[in-house]
Amino acid sequence: MSINIDIRLKRASKIYREGECVSGLILLQTNSDIKHDGIFLTMEGAVNLQLSSKTVGIFEAFYNSVKPIQLVQYTVEVAPVGKIPSGKTEIPFELPLKPRGTKTLYETYHGVFVNIQYMIRCDIKRSFLAKDVSKSLEFIVEDKPVKKEKEPNKTVFFEIMPESLQNTRDRDRSNVPRFRISGKLDSLYCKLSDPLTGEVIIDNCSAVIKSIELQLVRVETCGCAEGYSRDATEIQNIQIGEGNVCSGLAIPIYMIFPRLFTCPTLSTSNFKVEFEVNLIVVFEDDYLVTENFPIILARH
């Protein structure tokens, strides 16, 4: 005797917003009648925090601050004690997406040290002689679009030269190639639904360039009054120029933000999720220069 469970949502995108109803079907398939002690559906949402290995052991009180933060948690009974008939059975459901108490529903986000996930779980309770059967499905939560006054144009113009590099004081300046790189980012305030845009120009360079890359970085902070752990990790790296590109040519910057690995910039008492963009120019001898831009992500 076996039971196959599947959970299907009515929305193919699986994207929901606070206050909406998450609806769908529980699909059961079995080759014989099976007794059960109730079928239950649970909606859960939580922020899971994890400390990086470099921090573990430093703050004893840290472990209290990294307990999961429950955002949504409730269970409903969709079928009382009875039998599941042989064959296919469909059970429709509708669950309101509402926060627990005074909690805030943050957007779904899959990070390294911060994870915000929302799940629907179906549990079929069985007698003590048979194992309970469970099936989980993740759905995605997005912030409601909020109409705001038009953000001021935050176009950032940049210019990179050997003199502007912070680490050149520790190096022999004679080993650093002579170069001048300029360009712009159209805005540091970015909509998640729009790409990051701008341009970069190699004005002049005495060395051969191997690659020009754009790196998107997440900066995750977990902690409390006793201390905090702050770690930056790469989300994606795209090449916008290969080889020794022409001088004076405007190379377009165009980066789409990946859905699950980005979210609106967050700052709470227990954790922060922030984002940065690095423009990296790699020379033929693998010497590289980097210009860092903190950005703010939002959903409108």
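Residues numbered from 1 in each chain as written. Predicted model: local features only at pLDDT ≥ 70, side-chain atom pairs only at ≥ 80, totals over all residues. Heavy atoms only, no water.

Colleague: Any chance you could explain the confidence of the model for the protein chain here in plain terms?
Modeller: The predicted coordinates ought not to be read in detail in places where the model reports low pLDDT. On average, the protein chain scores 87 in pLDDT, and the residues at 70 or more come to 88%. Helix α1 (residues 62-65) is the least confidently modelled element of the protein chain, averaging 52 in pLDDT, while strand β9 (residues 109-110) averages 96, the highest of any element. (pLDDT = per-residue confidence, 0-100. Helix = DSSP H or I, 4+ residues; strand = E, 2+ residues; numbered from the N terminus.)

Colleague: Help me understand the sheet that holds strand β15 (residues 196-205) in this model?
Modeller: Backbone-to-backbone hydrogen bonds join strands into a sheet, with any given pair of strands oriented parallel or antiparallel. Pairing is antiparallel across the open sheet formed by 4 strands, whose spatial order is β12-β13-β15-β18. At either margin of the open sheet sits one strand with a lone partner, and together these are β12 (156-160) and β18 (250-255). Direction aside, neighbouring strands of the sheet carry axes that sit 20° apart on average. Sheet analysis places strand β13 (residues 179-185) next to β15, joined by 7 bridges and oriented antiparallel. Looking at the pairing, isoleucine 181 lines up with isoleucine 202 of β15. (Pairing = 2+ DSSP bridges. Axes fitted to C-alpha atoms, helices over the stretch in contact; angles between N-to-C directions.)

Colleague: Sorry if this is basic, but what is going on with the pattern of salt bridges here?
Modeller: The full count for this structure, using the stated rule, is 15 salt bridges. The partner of aspartate 186 in a salt bridge is lysine 184, and the shortest N-O contact between them spans 3.7 Å. Exposure remark for aspartate 186: the relative accessible area of 28% places this residue in the partly exposed category. Linked by salt bridges that have partners in common, Arg17, Glu107, Glu142, Arg259 and Arg299 make up one network. (Salt bridge = Lys/Arg side-chain N within 4 Å of Asp/Glu carboxyl O. Buried < 20%, exposed > 50% of the residue type's maximum accessible area, 1.4 Å probe, protein only.)

Colleague: Looking at this structure, how should I read the sheet that holds strand β3 (residues 21-30)?
Modeller: Strand order in the open sheet formed by 3 strands is β1-β3-β8, with antiparallel pairing between adjacent strands. The open sheet terminates on both sides in strands that have one partner only, identified here as β1 (3-9) and β8 (87-96). Across the sheet, the mean angle separating the axes of adjacent strands is 20° when strand polarity is ignored. As judged from the 7 bridges shared by β1 and β3, these two strands associate in the antiparallel manner. Pairing of isoleucine 3 across the sheet is with threonine 30, part of β3.

Colleague: Looking at this structure, how should I read unusual backbone geometry?
Modeller: Note: most residues except glycine have negative phi, and most peptide bonds are trans. One non-glycine residue, lysine 14, adopts positive backbone phi at about 60°. Looking at where lysine 14 falls in the secondary structure, it is placed in the loop between β1 and β2 (15-16). The class of lysine 14 is partly exposed, set by a relative accessible area of 31%.

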